[in-house]
Amino acid sequence: MEAARRAELVARYKAGHATLLASLAGIDEAGLDARPADGGWTPREVVQHTADSEMTAAIRLRRLVAEENPVIAGYDGDTFAVRLHYADRPIEPALGAIAAARSTTAQILDGLTEAEWARTGTHTESGPYGVERWLETYAVHCEEHADQIRRAREEATV
């Protein structure tokens, strides 16, 4: 990965929490629980998923950097949503978890050497998986979920 592309993705990663917060601006409890027309997750459920995914991502990066050829396990987000009661939980702790996972992980990203950027493992669902691929995925993760929240909010007002 070119240095400029890496820097752009790291900057997007660092901005992710703020992007997610912006998508929630002015939302009330009813808005958090508004189900989009396609039957997908409500904004509340999206925030809970994002928190679980961000905490998982933070550990994945640490394992990629610290362990030799780690196996990175996938998980079923829909099962998490049901079994971890996404629909019933307040979002504030989840937003705090996202902020903490991102800020501590950004510190690690800022200090990685070229050799550490090149480290790899194996993802149970997608095969070879390295630090740069991790960055490509998670740099846009909060952006994608912010868009999902915006769409749910727009559909709920129609």
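Everything below is about the structure shown above.
Bear in mind the structure is a predicted one, so any value in this text is a computation, not a measurement. (Residues numbered from 1 in each chain as written. Predicted model: local features only at pLDDT ≥ 70, side-chain atom pairs only at ≥ 80, totals over all residues. Heavy atoms only, no water.)

### So, helix H7 (residues 131-138)
The condition is simple: Per-residue accessibility, obtained with a 1.4 Å probe over protein chains only, is compared with the maximum for each type, and a residue is labelled buried under 20%, exposed over 50%, and partly exposed between these values. A helix here means a DSSP run of H or I that spans at least four residues, while a strand means a run of E at least two residues long, and both kinds are numbered starting from the N terminus. Picture the helix axis, draw a direction to every C-beta atom, and the arc is the one those directions span.
Taken residue by residue, H7 has Val 131, Trp 134, Leu 135 and Tyr 138 as its buried positions. Summarising the axial view, the buried residues of H7 lie within an arc of 100°, below the 170-degree limit, and thus occupy one face.

### Concerning the pattern of salt bridges
Stated formally: Salt bridge, as applied in this entry: a Lys or Arg side-chain nitrogen positioned within 4 Å of an Asp or Glu carboxyl oxygen.
Applying the stated criterion across every chain yields a total of 13 salt bridges. In this structure, Arg 150 engages Asp 147 in a salt bridge whose closest nitrogen and oxygen atoms are separated by 2.7 Å. Residue Arg 150 and its partner Asp 147 are both found in helix H8 (residues 141-157); the two are separated by three residues, about one turn of the helix. The class of Arg 150 is partly exposed, set by a relative accessible area of 30%. Note on Asp 147: relative accessible area 37%, which makes it partly exposed. Overlapping salt bridges bring together Arg 5, Glu 8, Arg 12 and Glu 143 as one network.

### Focus: the sheet that holds strand S2 (residues 120-123)
This is how it is decided: Two strands pair if DSSP finds at least two bridges between them.
Here three strands make up an open sheet; going across it, the order is S1-S2-S3 and the pairing mixed. Looking along the sheet, the strands with just one partner apiece sit at the ends: strand S1 (71-72) and strand S3 (127-130).

Read these as geometric descriptors, not functional statements.
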